[in-house]
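Here's the letter readout for the chains.
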Amino acid sequence: MKKSVFVMSLFAVFGLTACNQNNSQTRTQQSPTNASVATQHKGMNHDITASVSSTSQPAHVMAYMDMMTKMHDDMANGVQAKNADVGFAKGMIPHHQGAIEMAEIELQYGKDTEMKALAQKIIDTQQGEITFMNEWLTKNETTEPKADNADEIIQVYQAKNGNNHDAMMQGVMDSNPDVAFAKGMIPHHQGAIDMADVEEKYGKNQQMLNLAKQIKQAQTPEIKQMQDWLAKQSK
């Protein structure tokens, strides 16, 4: 995801002052190289955190915002790998870690039995997948060849990462912790599915291709479960 989109989304959500908005526009006019992106965004995060902290938000919303900023940074760095399989693993690990942290927030603040049970299921499943990806990277990262179309792969991963962030940020703003969890986790899950689609298109390692399929098979019905649950809440 392009950093400017992520930052401008936070500005829109929290209604910053005109002065701060002008400062953000100046930053988003820049086109940083891949090498400078992480450094530039760290500075932005400091501004964002200070602005968000000054608002009056429920505790679960603040926890989600902190989690998403870190997840976004780590994912952006991970998908810079010059190999689709390595980029998939290094991007999906922080994405999964973000899901686990979201689930922990639900367990801390949520009240609904079904959503809390789903949160625990997400923790159990995705922690195991994180362990698998870390072990795979230890064995394979340094030997995986650079892809001829590495720049294209990186751009596609970045674009996919950005597609669901606005919906996710809007979702977790809900004052009801259980609704915030479902509304935020649906686009988060969709983001994982989108990354799995990229892996299936560009990846070559069978273990990572199998994991991409596994993620899609697990998270697609969970999206449906959360959508059905939300529909019941609106009746």
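The rules behind the values
- Residues numbered from 1 in each chain as written.
- Predicted model: local features only at pLDDT ≥ 70, side-chain atom pairs only at ≥ 80, totals over all residues.
- Heavy atoms only, no water.
- Helix = DSSP H or I, 4+ residues; strand = E, 2+ residues; numbered from the N terminus.
- Buried < 20%, exposed > 50% of the residue type's maximum accessible area, 1.4 Å probe, protein only.
- Contact = heavy atoms within 4.5 Å.
- Areas by Shrake-Rupley, 256 points an atom, 1.4 Å probe, with all protein chains shown as cover.
- Salt bridge = Lys/Arg side-chain N within 4 Å of Asp/Glu carboxyl O.
- Expected span 1.5 Å × (residues − 1).
- Polar contact = N/O pair within 3.5 Å; in protein donor to acceptor, adjacent residues only side chain to side chain.
- Axes fitted to C-alpha atoms, helices over the stretch in contact; angles between N-to-C directions.
- Left-handed = near helix turned anticlockwise from the far one by under 90°.
- Nonpolar A, V, L, I, M, F, W, Y, C, P; charged D, E, K, R; others polar.
- Core = buried A, V, L, I, M, F, W, Y, C linked by side-chain atoms within 4.5 Å.

S.K.: Before we go on, may I ask you to explain the overall build of the protein chain in this structure?
M.R.: The number of helices and strands found in the protein chain is ten helices and zero strands. Within the span of the protein chain, comprising 235 residues, buried residues form 49% of the whole. Pairs at least 24 apart in sequence give 77% of the contacts found in the protein chain among residues at least 6 apart. Approximately 11,100 Å² of the protein chain is accessible, and the part contributed by carbon and sulfur atoms is 50%.

S.K.: I tried to follow the pattern of salt bridges on my own but got confused; where do I start?
M.R.: Think of it this way: side chains of opposite charge can pair up when their charged atoms draw near. Going through the model one piece at a time under the given rule, you end up with seven salt bridges. Among the ionic pairs, Asp151 bridges to Lys82, the shortest N-O distance being 4.0 Å. Linking Asp151 in helix H7 (residues 150-163) with Lys82 in the loop between helix H4 (59-78) and helix H5 (84-109), this pair joins segments that are 69 residues apart in sequence. Residue Asp151 is classed as exposed on the basis of its relative accessible area of 51%.

S.K.: So what exactly am I meant to see when it comes to helix H10 (residues 206-233) here?
M.R.: Think of an α-helix as turning once every 3.6 residues; residues three or four places apart then point the same way. The end-to-end C-alpha distance of H10 is 41 Å, a good match for the 40 Å that 28 residues give at a rise of 1.5 Å each. Buried within H10 are the following residues: Met208, Leu209, Leu211, Ala212, Ile215, Gln219, Glu222, Ile223, Met226, Trp229 and Leu230. In this structure, the buried side of H10 is in contact with H5, helix H6 (113-140) and helix H9 (177-202). Between the side-chain oxygen of the N-cap and the backbone nitrogen of Gln207 there are 2.9 Å, and the N-cap of H10 in question is Asn205.

S.K.: Explain the environment of Asn176 here, please?
M.R.: The topology assignment puts Asn176 in the loop between helix H8 (165-171) and H9. For the pair Asn176 and Val61, spaced 115 residues apart in sequence, the C-alpha to C-alpha distance is 9.6 Å.

S.K.: Before we go on, may I ask you to explain H4 in this structure?
M.R.: Over its 20 residues, H4 extends 29 Å from the first C-alpha to the last, a length consistent with the 28 Å expected when each residue adds 1.5 Å. With 14 of its 20 residues buried, H4 lies for the most part within the structure.

S.K.: Mind showing me how you'd approach the side chain of His96 here?
M.R.: As for its placement among the helices and strands, His96 is situated in helix H5. A distance of 3.1 Å separates the side chain of His96 from the side chain of Gln126, its partner in a polar contact. Ignoring sequence-local partners within four residues, the contact set of His96 consists of Gln126, Glu129, Ile130, Met133, Ile215 and Gln219.

S.K.: Explanation requested: the packing of H5 against H10 in the structure shown.
M.R.: In a packed pair of helices, the relevant descriptors are the angle between the two axes and the axis-to-axis distance. Contact geometry of H5 with H10 gives a least axis separation of 10 Å together with a crossing angle of 35°. Seen along the crossing, H5 lies across H10 with a hand that is left-handed. Mapping the contact onto sequence places Asp85, Phe88, Ala89, Met92 and His96 in H5 and Met208, Leu211, Ala212, Ile215 and Gln219 in H10. Residue classes in the contact of H5 with H10 are distributed as seven nonpolar, two polar and one charged.

S.K.: So what exactly am I meant to see when it comes to the nonpolar core here?
M.R.: Burial of nonpolar side chains together is a common tendency in soluble globular proteins. Within the largest apolar cluster, 56 residues are counted, with the highest numbers of intra-cluster contacts made by Tyr64, Phe88 and Phe181. Of all the secondary structure elements, the ones that give two or more residues to this core are H4, H5, H6, H7, H8, H9 and H10. A per-element tally of this core places H9 first, with twelve residues. Among all residues touching Tyr64, those that are not within four sequence positions of it are Met102, Ile105, Glu106, Val172, Pro177, Ala180 and Phe181.

Any functional reading would require information beyond the geometric quantities listed.
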